[in-house]
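Listed below, chain by chain, are the residues.
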Amino acid sequence: AKKEGKSRYCFFQENMLIEHQRKIDIANAIEPALERNEFYICYQPKVNGDGHPRGVEALIRWESSVLGMVPPSDFIPIAERSGKISMLTDWVVETVCRDVADYFQHLPEPILVSLNLSAYDLKRYQFSDFIRSVFNKYEVRPDLIEFEVTEHAYLDNLDMASRFFNDISELGCRVALDDFGTGYSSLSYLTRIPIDLIKIDKQFVENIGLTARDDALVLTIIEMAKRLGIELCAEGVETQAQRSFLKIHGCNLMQGYLFARPLPLEALKAHFSDVA
Ligand code: C2E
Ligand code: CA
Ligand code: CA
Ligand code: CA
């Protein structure tokens, strides 16, 4: 038994080493991957209660020639810790703005396009100037752009974050609070920062219909958003039961596999011409 214990210990240690090496490999592969154009954006529709598209969220994808498909949940945290996140974010901002200028802005009814920022981005010197310059370069309508940030993003450095939010509000962009309810949130931030939309995290949506308390929690978030005059979007909607619960109780925007998966731009265009 002692012998087995020892080999198991080595086995765990080996796995940790492999895990650690993979993180290093990912961190080192990001910059060359940007040069080789291995990243692309998928867009997931946000729909209203009737299922009509009202916006899209840009989600980054990486098909690495060395590592295969790497999900953002793997490489975004590594990019954040290794300082590579700013070049990824810049690429996302630029790519999304190009797609807005080429396509989204010219739809008969232009729709909002959201993109995700990291906590780190909010602390970047002159990041809002970069955003402004990209808007100018592609002649993007700033009112069509929404930035999704999580609560820890501004808890991290409230001064820098406030300045960033003021700058982008002045530009005319919108701010969405992502993963609402999952952090260490202090509700007071809801009144201190100009938030246009709250996203109910999919863990709450997943639990709709499980217990009376799970339902009550979602109802409370819907009620809170209404009273604050903040728009609400539920993410991770997968079933008709979740959809009708949300719709009946007045959650006006939804996102999830029930409606559409995140799609590359060309596939999204095809999807939009189907649902139109
Ligand atoms: P998030 O912003 O909370 O995005 C929602 C995630 O839920 C996405 O995963 C989306 O594909 C997935 N999802 C959408 N509908 C459903 C559904 O019905 N069921 C389930 N189970 N999942 C659904 P994804 O694309 O893998 O992204 C994971 C996270 O990575 C994002 O969470 C976001 O935090 C981060 N991320 C993605 N793209 C970017 C980016 O361009 N920049 C930054 N900084 N972070 C990004
Ligand atoms: Ca998001
Ligand atoms: Ca989320
Ligand atoms: Ca999330």
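For the structure itself, look to the data block above.
Computed from a prediction, not measured in an experiment: that's the story for all the values here.

This part covers the overall build of the protein. Along the protein, the regular secondary structure elements total 12 helices and 10 strands. Expressed as lengths along the three principal axes of its C-alpha atoms, the size of the protein is roughly 65 × 50 × 45 Å. Restricting to contacts in the protein with at least 6 residues of sequence separation, those with at least 24 account for 67%. Carbon and sulfur atoms provide 51% of the accessible area of the protein, an area that totals close to 14500 Å².

With that out of the way, let us pick up the nonpolar core. In this structure, Phe39, Tyr43, Phe104 and Leu246 are the most contacted members of the largest nonpolar core, which totals 82 residues. The leading source of residues in this core is helix 3 (residues 85-102), at 9 residues. Non-local contacts of leucine 246, meaning those with residues more than four positions away in its chain, are made with Val205, Ile208, Val218, Ile222, Ala234, Val237, Cys251 and Met254.

Protein-derived ligands of the calcium ion (ligand 4) are Asp179 (OD) and Asp179 (OD), with the metal-ligand distances lying across 2.9 to 3.0 Å. In this structure, the calcium ion (ligand 4) lies 3.5 Å away from the calcium ion (ligand 3), the two metals sharing aspartate 179 as a donor.

This next bit is on the site of ligand 1. In the vicinity of ligand 1, 21 residues are found, and the nearest of them are Gln44, Arg61, Lys202, Glu238 and Tyr257. In the model, a nitrogen atom of ligand 1 is placed 3.0 Å from a nitrogen or oxygen of the glutamine 44 side chain. A distance of 2.9 Å is found between an oxygen atom of ligand 1 and a side-chain nitrogen or oxygen belonging to arginine 61. The fraction of the free accessible surface of ligand 1 (800 Å²) that becomes covered by protein chains is 82%.

On to helix 12 (residues 265-275), then. An α-helical turn contains 3.6 residues, so a residue and the one three or four places further along point in the same direction. What helix 12 keeps buried is the set Leu265, Leu268, His271 and Phe272. Taken end-on, helix 12 shows its buried residues confined to a sector of 115°, consistent with a single buried face. Among the exposed residues of helix 12, those pointing more than 90 degrees away from its buried face are Glu266, Ser273 and Asp274. Looking at the buried side of helix 12, the elements it contacts are strand 1 (39-48), strand 2 (53-64), helix 3 and strand 10 (263-264).

Not every positive phi belongs to a glycine, and asparagine 37 is a case in point at roughly 60°. Its location among the elements puts asparagine 37 in the loop between helix 1 (2-35) and strand 1. Positive phi is not limited to glycine here, since glutamine 126 has a value of about 60°. Residue placement: glutamine 126 occurs in the loop between helix 4 (119-122) and helix 5 (127-138). Look at glutamine 126 and you get partly exposed, because its relative accessible area is 44%.

Definitions and limits used
Residues numbered from 1 in each chain as written. Chains lettered and ligands numbered in written order. Predicted model: local features only at pLDDT ≥ 70, side-chain atom pairs only at ≥ 80, totals over all residues. Heavy atoms only, no water. Helix = DSSP H or I, 4+ residues; strand = E, 2+ residues; numbered from the N terminus. Contact = heavy atoms within 4.5 Å. Areas by Shrake-Rupley, 256 points an atom, 1.4 Å probe, with all protein chains shown as cover. Core = buried A, V, L, I, M, F, W, Y, C linked by side-chain atoms within 4.5 Å. Buried < 20%, exposed > 50% of the residue type's maximum accessible area, 1.4 Å probe, protein only. Donors = N, O, S within 2.8 Å, 3.2 Å for Na, K, Ca; no water. Near = heavy atom within 4 Å. Polar contact = N/O pair within 3.5 Å; in protein donor to acceptor, adjacent residues only side chain to side chain. Arc of directions from axis to C-beta.

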